[in-house]
Amino acid sequence: MLTGENIVQLVSGLLHWAYAQAGISSLAGVIDPIISAVVMFGFIAVFVMFLVWMERKVSAHMQSRIGPNRVGPLGLLQTVADAIKLTIKEDVKPVNRDKVPYFIAPIVAFVATFMGMVVIPFDKGVVVQDLNVGILYIIAITGFTVIAILTAGWSSNNKYALLGGFRSAAQIISYEVSLVLSVVPIIMITGTLSLSGIVEYQKQAGYWFILPQIVAFLIFITSATAEANRAPFDIPEAESELIGGFHTEYSGVKFAMFFLGEYIAVVVSSAVAVTLFLGGWLPLPYLDFLHIPGFVWFLAKLLLVIYLIMAFRWTFPRLRVDQLMDFGWKVLIPISIINILATAVVWFCLYGKGAQ
Amino acid sequence: MGIVRYFRNILAGLWNLLVGLSVTTKYFFKGTTTQQYPEERLPLPVRSRSMIKLIYDDEKDQFNCVACLMCMKACPNSCIKLEGVRQADGKRRMTTFKLDFSTCIFCGYCVEACGFDALTFVSEEYENSVYKRGSLLQDEQAMKWVRPHSPAAEAAPIENTAPATAGAQS
Amino acid sequence: MTNDELKSKLEADFKDQVQSVVVTAQKELVITATVAQYLSLCKQLRDKSGYEMNHLSSLTAVDYPKENKITVVSHLWSYKNCFQLTVKVDVDRGNSSIPTLFGIWASANWFEREVFDLYGVVFEGHPNLRRIMMPDDYQKFPLRKDFADDGFIVKPS
Amino acid sequence: MNSIPLVHFLYLAAMLFGVGVFGVLARKNAISVLMGIELMLNAVNINFLAFARYWNWNSLTGPVFVVFVITIAAAEAAVALAIIISIYRHLRTANVDDAHYLRG
Amino acid sequence: MLEQYGYVLVFLLAGIFFILMAFITGWVFSPNGLLGLRYKYKKEILEDTYECGVETQGTSWFRFNISFYLYALLFVIFDIETVFLYPWAVSFKKLGVFGFVEMVVFIAILLVGFAYAWKKEALKWE
Amino acid sequence: MGVGLKGLSNKDVELMESESNIPGLWTLEKAVEFIFKWARKNSLWPLQFGTACCAIEMMATAAGRYDIARFGAEVFRPSPRQADLLIAAGTITEKMGYALKKLYEQMPKPSWVIAMGSCTIAGGPYYYDSYTVVKGIDSFIPVDVYVPGCPPRPESLIHGLMAIQKKIDDEPIFRRRKNA
Amino acid sequence: MTDLLLSQVKLSGESQFGTDEYVVNMGPQHPATHGVLRLIVKLDGETVKETIPVLGYLHRSIEKISENRTYPQCITYTDRVDYVSAMSVNLAFALATERLMGIEAPARAQWLRMVFVELQRLASHLLWMGAFAGDIGALTPFLYGLRERERILDLFEMTCGQRLTYNYIRIGGVMIDVLPEFVPKCRAFLDYFEPKIAEYEGLLTYNPIFLERTKGVGVISPEVGINAGICGPSLRGSGVSCDVRKQQPYLFYDQVKFNECLETAGDCWSRYKVRMNEMRESISIIRQSLDRLEPGPIEAKMPPVLKAPTNSEIYSRIESSRGEMGVYLVGDGTAKPWKVKYRCASFSNLYLLDELTRGWKVADIMAVLGSLDMIVPEVDR
Amino acid sequence: MSNLIFYAIAGIVVASGLLSLTVRNLFHCALFLAMTMFGVSGVFLYLNSDFLASVQVLIYVGAVTVIIIFGISLTRNLMDDRAKAMNRQLLFAVLAAAVLTVILFAAIHQSSFVTQEHPMAVTLGTVTSDTQSMTAVEAGASPVFQSVGYLADALLLPQNGFAFAFEFVSILLLSALVGAIVIARKDPS
Ligand code: SF4
Ligand code: SF4
Ligand code: SF4
C-alpha cells in the first residue's frame, strides 16, 4: 500500500544501500540530514512558488479576473519567472545602511522559518525529525523572525522601514502570546508537545480537535495570520501608510528572501494548524477506505487552511495599528485564557473521576 | 452587562466577517469578466475615438481633404498642420497634412469640424505604441485610410446631426 | 425672494457700506465694495439675520491690466435662505492688499492663498500666506494677463 | 554519543561568566551592563544544568533552577530597562557613570 | 536526541548556504555584477533614501514611543508564563485538580498584573 | 532547461528557434540568456505611479476587464526598489518632475519606462499656454515606449507592455556582446 | 529643488513621553494619496500632530489655458479638471456658458445630460468606494467597483466614443444623440447594478474592521463643516442639507423625485453611507429621466462663433459627484473667456484634513482622506 | 563529530559574547547577544535538556533581545558613534575579568570534576518519544529528562517542595510588571 511511511522507508533503504555500496556508511549521519535539508528546500521552494501563484489566482478569481495565465500552463511558471527576475535584478544598497545587519536580515528571515519545517509531519513517519518539544520548537524558532524584521527595519536607514519594522515586531510579539496560549488546551488534552503525537491522539480519540476547540482554532488562525504579517494584519507593510514597511529599501534577491520567508511562515503556521486542529494526515472520517495516502490529505487540508488565510487577505479591510494591538491583547488573550480554564474544567467534569 | 455585550459584539463581528467572505467566495466560483486582450478583442463601438485617419477616396485616387483649415482652427491644441494648393481646376487640394499624436487629445473637434468627410476616427486602431517619439508625428501617408465598402462602416463617422430617433422606447 | 427684491433689501440694509448693488444681465446679484468696507460688509452678510451667508462658495480674482486693477471676487451662498451673492472689491495692481476673510469663513484660507499665489494679491492678516500651487521659490504670478516665462508657449491661432 | 567531560562545560561557563563580568565592569552604557548580567546568568545556567546532568542526575533541582533563573533574568531585564528608560528620560543619558546625578 | 537536533543544525546551515548561493547567483548575473551589463547612473541618487521622491529631512533615526516598550514588557511576562504553562499542560492529566488550582492561582496573579496594565492604559498605542 | 521550456507559448518557442542555428541545440550562454529574458519579460512589476487621468485608465487595466495580471504585471509595488517598470501615467508638472526623476533613478536596473498618454509624451493638452507642465518626460528620463492617447485605452497600455517585452528580447543581458 | 517647506516644519523637541517628534513625507508618489498629493505629517509616535498638505504637484494651469481657448475648446479641458467625474464638469461649464450667453438647451438634451451626469455620479462613487476601501486595506471592493464602472464606461463609449475624457456635454446641448440601443442597455445595466450595491454593503458596511476604522473617525460638526467650506456628500454626512440639485435646481432636477441622503454622525462611516445611498438615488433619477426622454433636437440654435457679451460674468454651481462645483466666467465680448475659475469640491474639502486628523493615528489620515473623496486634479487644476 | 560541534558552539558562544560587550554599536551588541543565547541553547542540548533549550530560545532570543532592542530604540541618542563605549575602568575591568576567569579555571582544574569522566555517558543515550507523556517519577524507571511533563511534576507536586516557589514566581512577575509599568510610564516632570 502506498503510504508516506513506505515511501520514506523505501528511499532511506535505497540510500543506505547506496552508502554501503559507496563505502560511506559511516557518514550516513551527516549525509542524511543534508539530503533531507535539500529535499525540504526543494519542496518548500516549489510549494511557495505554487502558493504565490495560487494567491494571485485566488485573488484574481475573487475579483472576477483571470490572473497570470500567459507563462506556462495556467500561468504556473509565473512565479518562476518572478523568482528568476528578482534574482538577476540589481541589488540596491542604500547609503547609510548598517551594512552587516542589512545583509543578514533577509537570511535570518528565511532561515528562521525554514528551520520550522523540521518538525512538520506530512504523514505518519514522514517528518524530518519528530522533536519532543515540537510545538515549542516551532514557536521558539520562528521568534527569530522578529529579530530579522527589527534588523531590516533598523538597518535600512529609512523612516518607513524603521517604523514598519518596529510596528511589525510589536505586532508579532503581541500575537505570539495568544498563539502560544491557544495551543495549550490541545497540549492539555494530548499531554504531549510532539506534533506526531498530537495527530496520533486525534486518531485514537476519533475526532479532530477543531470540534471541541473551535475557539482555539479561530484564535490560532487569527494569530498565525497576524504573525505572518498578512492582511488584515499587515500593518507593518500597510502600503497605504508605510510604502513597503520594513522591506521598503530591499530590492532584488534580498527582497525575494523576505517574500519567501513570509510565505514559509504561512506554510508553517498553517501546517501546525492542520496538525493540531484538523487531524494532520488523517483522512476525513468515513473516507479512509479510499486509501489515499496521508500526505495527500495533509496537503489538501494545508491548502484549505491557506486558502482561508488568502480569503481573509482579499476580503477584509486592515485594522489600525492601535486597534490591532487592542484586539490582540484585549480580545484574543483573555479569550484564550478563558478557553484554557474552560477546557480544564470541562475535562475534569467529564473524566475527572477516572483520572485520579 | 459589559461582558454580555463584549461577547455579543464578537459574535456579531464574526457573522459580518462571514457575510463578507461569502461575497468574495461567491465570486471566486463565478466566472471572470476578463477580455484576454491580444487574443480576444472587445468589439468597440463604432463611435470609439481611437485613432484619427485621413479618408482616402480610392475611386478618385485622392484624399477627400480640400485644405479648408477648419479642423486646424477647431483643434484646441493646435496639433494639426496642413497645407494645400489650388489646383488647375480651381479646387483646393491638401498637399501635406501633419497630425501630432503626441499632443492630440482625441477630443473629436477636428472630425466634427470637417465638412468634407475627410477626417474620421477609426475604432479598432488602438495599438499604436511606438519606440520613438518622432513616429507619433504622422503625415498624410501614415494616416491614409480607405473606407471599407461595407454597410456597417457607413455609420462610422460622428455626425452632429444624427436623427433623434432614439429614446422613449420604454 | 427674487434678486430684485433682494437688491432693494440690500441697498436698504447696507446703505453706506457698499459702493453699488447691481443685478447683471445674467441675473446675478453683484455687490461692489471698497477695500475699507470689505471686511465689515462680509461679516454682516454672514451674521445678519435674513442673509446668513454661511458658505463662502468661492473666492477668486480677475486681472484687468488696462484699468490697472485686480478685482477680488467672492461668491457667497446661504444654506438657510438659499440665495447667492457676489462681492467684488477692486485693488490696485501694483501693490495690492486687502484684508483677509479667514476670520469669517475658514474656507477663505486656501482660496486666498491661491489668489496670492497666482495673482499676487496680499491678504493682510492671513495666517499662512505662502504659495500653494507653485514651488515656494517661484517668483512670478502666472494668472496675471502679462505673464510670460521660458517654458510658456503661447498657442498659435 | 556525548563524550564531553563535565569540566568543559564548566570551563565554558567560567569563560562566559568572565566575559559577563568584563562587560558589567567596563561598559559605560547601562544597557550593555544589563547584557553583561544576562551573560553571567547564562553561565550560571550552564553550570546548573551541567551539574544536574553529570553530578547528581536524579535531582530535579538543576532544571527547575534553570527555569527560575531564566524567569528572573527576563523579569530583571524588563525592570532594568524600565529603570534605564526612566533615567534616560530624566537625565538624557544612560551612562552608568553619570547616574550619580540621580541622587541630586 | 542529539542527532535529532543535528538535523536542525544542518537545516540552519543549509538554509544559510542556499541563501548565500542565491545571493551569489544574483551578484553574478545582475547588472553591474560579475557578468551583467554595466549601467551608467548616479550612484548617490540610486542609493539615496527613498522617501516618496522627495528629499529626506533630517535623520532617518528617531526614537520610539514608550508604548513599544510596554508591549514588549507584557510580552516578556507572558512568555515566561508559557514556560510554566507548557509543562503543566503536558502533565495536566496527571497533576489533576491540585495542579490545576495551582496554575489557576498562578495565572490569576499574573492576570492581576494584566488588569493593572489594562487599567493604567499601558495597553494603549500612542 | 527542460523545466523552463515546457510552459512557453508557441511564440516563444518560435522565437528561440529562430535565434538558434540548429533548432533545439543551444550553447549554455544562449540558454541562460533566453531564460533570463523570458523571466524579465514576464515579470514586469510596475511602480505605483499615477498622477492624473491616465492613472485611472492604468487602474482599469489592472481591473477585471483587462487584467494586466495575465502578463504577470499586476504586482504594483509602492517602493521603486522592487519595481521594474515605471508607467508614467498622467501629467507631469515641473514640481512633480523632480520626484519622477528621483524615483526613476532609484529603481534598480534594469528598468523600463512607459510614457502613457499625451501628457507624458509631449505635454499633451497642456503644451501651449501652460506654465507648469513638462513638455515631455523624455527630456529628463529615458523613455522606452510611448503610448499615445488621452487617455490611451487599456488595450493600448497592454500593447505598450508587450512592446516593452519585445524590447527586452533585443537587449543584451551579459556584458560580453554575443557574436562578437 | 530646494525643499523650503520641509525645513519650515517646526518640531518641538520633546513631548511628554520622551519621544522625538518626527516628520514623515507621504507623497508625492505614495499609494494612499490618490495621485500626487503630498502630505507632510508630523508625528509623535504614531499620533499625528499636524498634517500639512502640499498642493500643486498637478497644477496644470487649466485656468490660464482656458483664457486662451474659445468657449467650446474649453470644454475639452473641463474633462481634465475632474477626470473621475468629467461629465459633471462638462455640464458645469456648459451651463455657465449657456447662462452667460442666454442659450437654452432643448429638453431632450437636458434629459440626456441628466442621465449621463447621474451615470457619471455612479461611476465616480464606485471608484471612490473602491479607493476608500483600498485605503482602509480591503483590496477587493476596488476591483468590484472598477468592474461595474467598466459597464458604465461602455455606455459612455457607445455614445460618445471615449472612456474617460468625453467632451460630450456641449454648450447648448450634447455632442451627439444616443444610439437607439442605449436606453434598453442603460436600463439593463441599472437592473444589474442595483443588487450589487447590497453586495458592497455586505463586504464593507457592517464589517467589524470597517466599522472600527470609520466609526467616530474624522468627525465634522455641521458648523465647522459649513464654515470650512466642506460641501457635497461630505457635508451631508454631517446632516447639513446642501444639495445644489435641491437648493438651486438646474436641468430638470426639480421635475424628478429623489431624496437628499443625509446622515448625522459626520464621521467617515456617515460619509460612506451617504455616498452608498446616493448611488441608489442616482439609479432612481436615471430611471425617471429615461422615462421622460422624448425625441427632439439635441442642440440649441447657436451662432457659429460663440461670443460672450462684454463685461458679463456668471457664477454657476452644480452638484458634481464630489460636491459643489462652481464655474465663474467673465466674458469680454470675444470668443475667449476673460477669466475662468473652477471652484472644486475637493479643494475646499481637503482644507479640513489637518484639523480632522490631529491627534489621530497615521492610518486615520488615509481613512479621512478617502472619506472626503478628494481627487488631486480638482484640488490643483 | 558531535564533540567537535560542541566545541564550535562553545567557541561561538564565547566569541559572540565577547563581541556583544565590546562592539560600540548597541544594536549590534543586541544581535550578538541573541547569537550568544542561541549558542547557549545549543549547549543545553548537549545537556539533554531540549525543553530548556527551546525555552532559552523563546525567552532570550524571542523576548529579552527584543525588549533590549526596544529599550535601545527608546534611548536612541545614546548611539552617538563618537562617544566611547567603555568607561574609565576599562583596564581594571579587563584585569578583574581575567583574574576571575583564571581563578575559576584553576578552581575547576583543582576540583575533583576533572576526574569525573562523563559518568552518565551510558544512560544519556537514545531517546524515547514521549508521546504517551510518561514521566520519570511515574515510570519509576531510568529518568527521562526529555519529558517536559517531568518539569511540571517537579514544580507543581507539593512533595517536591517547589510549589511555593512556583507561586512566588508569579508574584515576582506581577511585581516586575507593575513596577516596570510604573517606572517606565512616569513622566519626567
Ligand atoms: S482630436 Fe482634438 S486635439 Fe486631436 S487633432 Fe482633432 S481637434 Fe486636435
Ligand atoms: S476640415 Fe477636413 S477638409 Fe478641411 S482641412 Fe481639415 S481635413 Fe481637410
Ligand atoms: S494624456 Fe490626457 S488623459 Fe492622460 S493625463 Fe494627460 S490629459 Fe489626462
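Residues numbered from 1 in each chain as written. Chains lettered and ligands numbered in written order. Predicted model: local features only at pLDDT ≥ 70, side-chain atom pairs only at ≥ 80, totals over all residues. Heavy atoms only, no water.

Things to note about the pattern of salt bridges
And step 1. The final tally for this structure, using the stated rule, is 50 salt bridges over all chains.
And step 2. A salt bridge links A:R65 to F:D67; the nearest nitrogen and oxygen atoms lie 3.0 Å apart. Taken together, the positions of A:R65 in the loop between α2 (28-62) and α3 (78-87) and F:D67 in the loop between α4 (53-62) and β1 (85-89) put the pair across two chains.
And step 3. Given a relative accessible area of 5%, A:R65 falls into the buried group.
And step 4. Since its relative accessible area comes to 0%, F:D67 is described here as buried. (Salt bridge = Lys/Arg side-chain N within 4 Å of Asp/Glu carboxyl O. Helix = DSSP H or I, 4+ residues; strand = E, 2+ residues; numbered from the N terminus. Buried < 20%, exposed > 50% of the residue type's maximum accessible area, 1.4 Å probe, protein only.)

What about the site of ligand 1?
And step 1. With respect to spatial proximity, 13 residues lie near ligand 1, and among them B:C75, B:C104, B:C107, B:G108 and B:C110 are the closest.
And step 2. Class assignment for the residues of the shell around ligand 1 results in 12 nonpolar, 1 polar and no charged. (Near = heavy atom within 4 Å. Nonpolar A, V, L, I, M, F, W, Y, C, P; charged D, E, K, R; others polar.)

Re the pairing of β1(F)
Residue and element names in this part refer to chain F.
And step 1. Across the 5 residues that make up β1, a large majority, 5, are buried.
And step 2. Alternating positions in β1 separate into two faces, L85, I87 and A89 on one and L86 and A88 on the other, with burial throughout.
And step 3. Where β1 lies against strand β2 (residues 112-116), 5 bridges are found, and the strand directions are parallel. Across the sheet, residue A89 finds its bridge partner in β2, namely M116.
And step 4. After leaving β1, the chain enters helix α5 (residues 94-106) and then returns to the sheet as β2, a path that is right-handed. (Pairing = 2+ DSSP bridges. Right-handed = clockwise from strand over helix to strand, strands pointing away.)

Observations regarding the confidence of the model for chain G
One rule of thumb: low pLDDT means the predicted coordinates there are not for detailed reading.
All names here are of chain G.
And step 1. Averaged over every residue, the pLDDT of chain G is 82; the share at 70 or more is 93%.
And step 2. Low pLDDT (under 50) marks residues 12-18, which in the prediction has 19 contacts with non-local residues, meaning those over four places away or in another chain.
And step 3. The ipTM for the predicted assembly is 0.82, set against a pTM of 0.84. (pLDDT = per-residue confidence, 0-100. Contact = heavy atoms within 4.5 Å.)

Focus on the nonpolar core
And step 1. If you look at the biggest cluster of nonpolar residues, it comprises 263 residues, and the most contacted ones within it are E:Y69, E:Y86, E:W88 and H:I68.
And step 2. No other element matches the 20 residues that helix α3 (residues 66-90) of chain E contributes to this core.
And step 3. Apart from residues no more than four positions distant in its own chain, E:W88 is found in contact with A:V184, A:M188, A:I340, E:L95, E:G99, E:F100, E:M103, H:A152 and H:L156.
And step 4. If you look at the next biggest cluster of nonpolar residues, it comprises 252 residues, including C:L29, C:I70, G:V48 and G:I226. (Core = buried A, V, L, I, M, F, W, Y, C linked by side-chain atoms within 4.5 Å.)

What to know about the interface of chain H and chain E
And step 1. Of the residues lining the interface, 50 residues belong to chain H; the matching set on chain E comes to 47 residues.
And step 2. The junction of chain H with chain E conceals about 4500 Å² of combined surface from both sides, 79% of it contributed by carbon and sulfur atoms.
And step 3. Interface area lost by chain H to chain E is led by H:L74, H:L173 and H:L177, which between them contribute 14%.
And step 4. Seen at the junction of chain H and chain E, the total is 0 salt bridges.
And step 5. Run the count over chain H and chain E and you get 0 residue pairs in polar contact (both at pLDDT 80 or more).
And step 6. Elements with a contribution of two residues or more to the side of chain H that touches chain E: α2 (26-46), α3 (50-74), α6 (148-156) and α7 (163-185) of chain H.
And step 7. For the side of chain H that touches chain E, the element with the highest residue contribution is α7(H), accounting for 15 residues.
And step 8. Split into classes, the residues belonging to the side of chain H that touches chain E amount to 32 nonpolar, 12 polar and 6 charged. (Buried area = accessible area lost by both parts, 1.4 Å probe. Polar contact = N/O pair within 3.5 Å; in protein donor to acceptor, adjacent residues only side chain to side chain.)

Considerations on the sheet that holds strand β5 (residues 84-92) of chain C
Backbone-to-backbone hydrogen bonds join strands into a sheet, with any given pair of strands oriented parallel or antiparallel.
All names here are of chain C.
And step 1. Strand order in the open sheet formed by 5 strands is β1-β2-β5-β4-β3, with mixed pairing between adjacent strands. In this open sheet, the two strands that pair with only one neighbour each are β1 (20-23) and β3 (55-64). Going from strand to strand, the sheet's axes swing by 20° on average, the running direction of each strand aside.
And step 2. Inspection of the sheet shows strand β2 (residues 29-33) paired to β5 by 4 bridges, in the parallel sense. The residue of β5 that forms the bridge with V30 is T86.
And step 3. The strands touched by helix α2 (residues 35-47) within the sheet are β2, β3, β4 (69-77) and β5, with β5 carrying the most contacts at an inclination of about 160°. (Axes fitted to C-alpha atoms, helices over the stretch in contact; angles between N-to-C directions.)

Observations regarding the site of ligand 2
And step 1. The environment of ligand 2 is made up of B:C65, B:V66, B:A67, B:C68, B:L69, B:M70, B:C71, B:L82, B:C114, B:F116, B:A118 and B:L119.
And step 2. Along the lines of polarity and charge, the residues of the shell around ligand 2 split into 12 nonpolar, no polar and no charged.

Overview of the packing of helix α12 (residues 294-315) of chain A against helix α1 (residues 2-29) of chain B
And step 1. Contact geometry of α12(A) with α1(B) gives a least axis separation of 10 Å together with a crossing angle of 105°. One element, α12(A), and the other, α1(B), form an angle in the roughly perpendicular class. Between α12(A), through A:Y307, A:A311, A:F312, A:W314 and A:T315, and α1(B), the contact on the second element is made entirely by B:G20, B:L21, B:T24, B:T25 and B:F28.
And step 2. Within the contact of α12(A) with α1(B), the residues separate by chemical class into 6 nonpolar, 4 polar and no charged. (Parallel < 35°, antiparallel > 145°, perpendicular 65-115°, else oblique.)

A word on the side chain of F:R70
And step 1. Assignment of secondary structure puts F:R70 in the loop between α4 and β1.
And step 2. Here F:R70 sits buried without a salt bridge, and the closest side chain of opposite charge, F:D67, lies 4.6 Å off (N-O distance).
And step 3. Reaching out from F:R70, the side chain makes a polar contact with the backbone oxygen of F:Y66 at a distance of 3.0 Å.
And step 4. In contact with F:R70, not counting residues within four places along its chain, are A:I66, A:G67, A:P68, A:N69, A:R70, B:T34, B:Q35, B:Q36, B:Y37, B:P38 and F:I158. (Lys, Arg positive; Asp, Glu negative; His and termini not counted.)

With respect to the environment of G:L203
Residue and element names in this part refer to chain G.
And step 1. One can find L203 in helix α7 (residues 182-203).
And step 2. Looking at L203, the relative accessible area reads 0%, which means it is buried.
And step 3. Each C-alpha atom of the pair L203 and G229 lies 32 Å from the other, and the pair is 26 residues apart in sequence.

Description of the packing of aromatic side chains
And step 1. If you walk through the whole model with that rule in mind, you get 63 aromatic pairs over all chains.
And step 2. An angle of 50° between the planes, with centres 4.8 Å apart, marks the rings of G:W111 and G:F252 as tilted. With G:W111 in helix α5 (residues 107-136) and G:F252 in the loop between α11 (244-247) and α12 (268-291), this residue pair connects regions lying 141 residues apart in the sequence.
And step 3. Classification of G:W111 by relative accessible area gives buried; the value is 5%.
And step 4. You can call G:F252 buried: its relative accessible area is 17%.
And step 5. Seen in terms of ring centroids, G:F116 and G:F156 are 5.6 Å apart; in terms of plane orientation they differ by 40°. Their pairing is tilted. Of this pair, G:F116 sits in helix α5 while G:F156 sits in helix α6 (residues 140-160), placing them 40 residues apart in sequence. As far as burial versus exposure is concerned, G:F116 and G:F156 are alike and both buried.
And step 6. Among the aromatic residues, those joined into a cluster by ring pairs are A:F41, A:F110, A:F114, E:F11, E:F17 and E:F18.
And step 7. In this structure, A:K85 packs its charged tip against the face of F:W45, placed 3.8 Å from the ring centre.
And step 8. Of note, C:K69 hangs over the ring of C:Y64, and the distance from its end group to the ring centre comes to 5.2 Å. (Phe/Tyr/Trp six-rings, centres within 6.5 Å; stacked < 30°, edge-to-face > 60°. Lys NZ or Arg CZ within 6 Å of the ring centre and 35° of its normal.)

Brief notes about unusual backbone geometry
And step 1. Following F:C150, the chain continues to F:P151 via a peptide bond in cis, the omega torsion being -10°.
And step 2. Note on placement: F:P151 falls in the loop between β3 (145-147) and α7 (154-170).
And step 3. Positive phi values are uncommon outside glycine, yet B:L69 reaches one of about 70°.
And step 4. Its location among the elements puts B:L69 in the loop between β2 (62-63) and α2 (70-74).
And step 5. Exposure remark for B:L69: the relative accessible area of 26% places this residue in the partly exposed category.
And step 6. Here the phi dihedral of G:N167 falls at roughly 55°; this positive angle occurs in a residue that is not glycine.
And step 7. Looking at the secondary structure, you find G:N167 in the loop between α6 and β4 (169-170).

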